[in-house]
Amino acid sequence: MLFHQTKSMAKKNTNNPSKAYRTFERVVERSLNLLSLEKALDENQAHALEKLDLSDLSRSAVVLAVAAMDAYFTNVFAENLVQYLKEKGAKKQLTDLLADAGLDTSTALELLTMQRPYRRIRSLIESHLERTTTQRPEAIDELFLGYGIEDFCCRVQGIANRKNLTASIRKLVERRNEIAHEGDINSHGKLQNINRKRIRRRVEGVVKFVAAAEQLLAKVLL
């Protein structure tokens with residue numbers, strides 16, 4: 001229910017949500033569906049003599065939600081790059097990012113002979129961002145300095161009007177890393193407990209966070 005309530009948040013200040021946001025919606029809904037499935041299956045086996053451990057559905061939901069958020073921020077940055085360059089040019093943070101992406105002197109000279117140089121620039125950024133993770137708030141903040149937006153995550157949290165939202169995102173990312181890198185096994189070799197209700201709240205927090213980010217970008221990049 002909260003997902004469908006939150007879906008319209010990004011449309012509050014724009015009638016045209018980004019392609020990146022529409023993709024995010026589809027992926028994060030799968031995450032929430034996994035949590036709903038786990039709840040339904042758990043209730044169905046309430047009186048079974050032997051119960052299946054369904055907690056990996058919650059773990060899968062965590063991984064999907066963080067992947068959806070990560071992809072949103074890299075995709076929406078690339079999606080707006082050409083328009084930003086045409087309208088506002090590139091300041092140091094963005095030129096540094098372009099240099100890291102491979103836009104050196106040689107490539108710049110090649111652009112002079114191309115019919116669609118901006119397409120080449122966007123392609124360089126997309127390839128670079130494929131090797132970059134934007135899960136931690138610090139990484140998100142650093143990326144959007146390229147668009148001259150300072151304290152990006154703090155501003156997003158303010159729009160979402162939810163105190164400690166960034167802290168919740170950080171905890172979900174940490175749990176994702178434990179799941180993805182260690183199989184969610186603790187230092188004693190045992191599977192860590194996972195609370196489905198808490199995970200749902202954190203995934204719903206991701207939905208709010210990304211919807212608020214879409215609102216902020218719609219304002220700043222107009």
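Refer to the structure above for everything that follows.
So, a few notes on the structure that sits alongside this text. It should be emphasised that the depicted structure is a prediction, and the values quoted were computed from it without experimental measurement.

1. Section: the overall build of the chain
When helices and strands are counted, the chain shows ten helices and zero strands. For the chain, the N- to C-terminal ordering of α and β elements is α-α-α-α-α-α-α-α-α-α. Principal-axis analysis of the C-alpha atoms places the extent of the chain at approximately 70 × 40 × 30 Å. Taking all 222 residues of the chain together, the buried fraction comes to 45%. Within the chain, contacts between residues separated by at least 24 positions form 75% of all contacts whose residues are at least 6 apart in sequence.

2. Here we look at a positive patch on the surface
Together, Lys 171, Lys 197, Arg 198 and Arg 201 give the surface a local cluster of positive charge. When residues of the positive patch are assigned to their parent elements, the largest contribution, three residues, is made by helix α10 (residues 196-220). One can find Arg 201 in helix α10.

3. Quick notes on the nonpolar core
Grouped together as the largest cluster of nonpolar side chains are 61 residues, with contacts concentrated most on Tyr 72, Phe 73, Phe 77, Ile 125, Phe 144, Phe 152 and Phe 209. Among the elements of the structure, α2 (19-44), α3 (55-88), α4 (92-100), α6 (117-130), α7 (137-144), α8 (152-160), α9 (165-182) and α10 are those that each provide at least two residues to this core. With 16 residues, the single largest contributor to this core is α3. Beyond its immediate sequence surroundings of up to four residues, Tyr 72 is in contact with Ser 18, Ala 20, Tyr 21, Phe 24, Val 210, Ala 213, Glu 214 and Leu 217.

4. A few points about the layout of surface pockets
Considering only enclosed or pocket space, the second largest pocket measures out at about 270 Å³ in volume. What lines the second largest pocket is a set of 14 residues, among which Leu 97, Asp 100, His 128, Glu 142 and Leu 143 lie closest to the centre. Breaking the lining of the second largest pocket down by element, the ones donating at least two residues are α4, α6 and α7. In terms of residue count, the dominant contributor to the lining of the second largest pocket is α4 (four residues).

5. Some details on the environment of Val 210
Topologically, Val 210 is positioned in helix α10. What makes Val 210 buried here is its relative accessible area of 0%. For the pair Val 210 and Val 156, spaced 54 residues apart in sequence, the C-alpha separation works out to 8.2 Å. With near-sequence residues (within four places) excluded, Val 210 lies in contact with Tyr 21, Phe 24, Met 69 and Tyr 72.

6. A word on α8
Where α8 is concerned, the buried positions are Phe 152, Cys 153, Val 156, Gln 157 and Ala 160. End-on, the buried residues of α8 take up no more than an arc of 135°, which puts them together on one face. Facing away from the buried side of α8 by more than 90 degrees, the exposed set consists of Cys 154 and Gly 158. Residues of α8 that are buried make contact with α3, α7, α9 and α10.

7. Comments concerning the side chain of Asp 184
Here Asp 184 lies in the loop between α9 and α10. Using a relative accessible area of 0% as the deciding quantity, one classes Asp 184 as buried. Among all residues touching Asp 184, those that are not within four sequence positions of it are Arg 59, Arg 175, Glu 178, Ile 179, Lys 190, Leu 191 and Gln 192.

8. Quick word on unusual backbone geometry
In this model, Asp 151 sits at a positive phi of 55°, which is unusual for a non-glycine residue. Relative to the helices and strands, Asp 151 resides in the loop between α7 and α8. Unlike most non-glycine residues, Asn 161 shows phi in positive territory, near 55°.

9. Describing the packing of α8 against α10
Axis separation between α8 and α10 bottoms out at 8 Å; the angle between their running directions is 105°. Considering their axes alone, α8 and α10 lie roughly perpendicular with respect to each other. Where α8 approaches α10, its residues Phe 152, Cys 153, Arg 155, Val 156, Ile 159 and Ala 160 are matched on the opposing element by Lys 208, Phe 209, Ala 212, Ala 213, Gln 215, Leu 216, Leu 217 and Val 220. Looking at side-chain class alone, the contact of α8 with α10 contains eleven nonpolar, one polar and two charged residues.

Calculation rules
Residues numbered from 1 in each chain as written. Predicted model: local features only at pLDDT ≥ 70, side-chain atom pairs only at ≥ 80, totals over all residues. Heavy atoms only, no water. Helix = DSSP H or I, 4+ residues; strand = E, 2+ residues; numbered from the N terminus. Buried < 20%, exposed > 50% of the residue type's maximum accessible area, 1.4 Å probe, protein only. Contact = heavy atoms within 4.5 Å. Patch = residues over 30% accessible without salt bridge, like charges linked within 9 Å, V, L, I, M, F, W, Y side chains within 5 Å. Areas by Shrake-Rupley, 256 points an atom, 1.4 Å probe, with all protein chains shown as cover. Salt bridge = Lys/Arg side-chain N within 4 Å of Asp/Glu carboxyl O. Lys, Arg positive; Asp, Glu negative; His and termini not counted. Charge placed at Lys NZ, Arg CZ, Asp CG, Glu CD. Core = buried A, V, L, I, M, F, W, Y, C linked by side-chain atoms within 4.5 Å. 1 Å grid on protein atoms, 1.4 Å probe; cavity = no way out; pocket = protein on both sides within 12 Å on 5 of 7 lines; lining within 4 Å. Points joined across faces, edges and corners; volume = space filled by probe spheres on them. Arc of directions from axis to C-beta. Axes fitted to C-alpha atoms, helices over the stretch in contact; angles between N-to-C directions. Parallel < 35°, antiparallel > 145°, perpendicular 65-115°, else oblique. Nonpolar A, V, L, I, M, F, W, Y, C, P; charged D, E, K, R; others polar.

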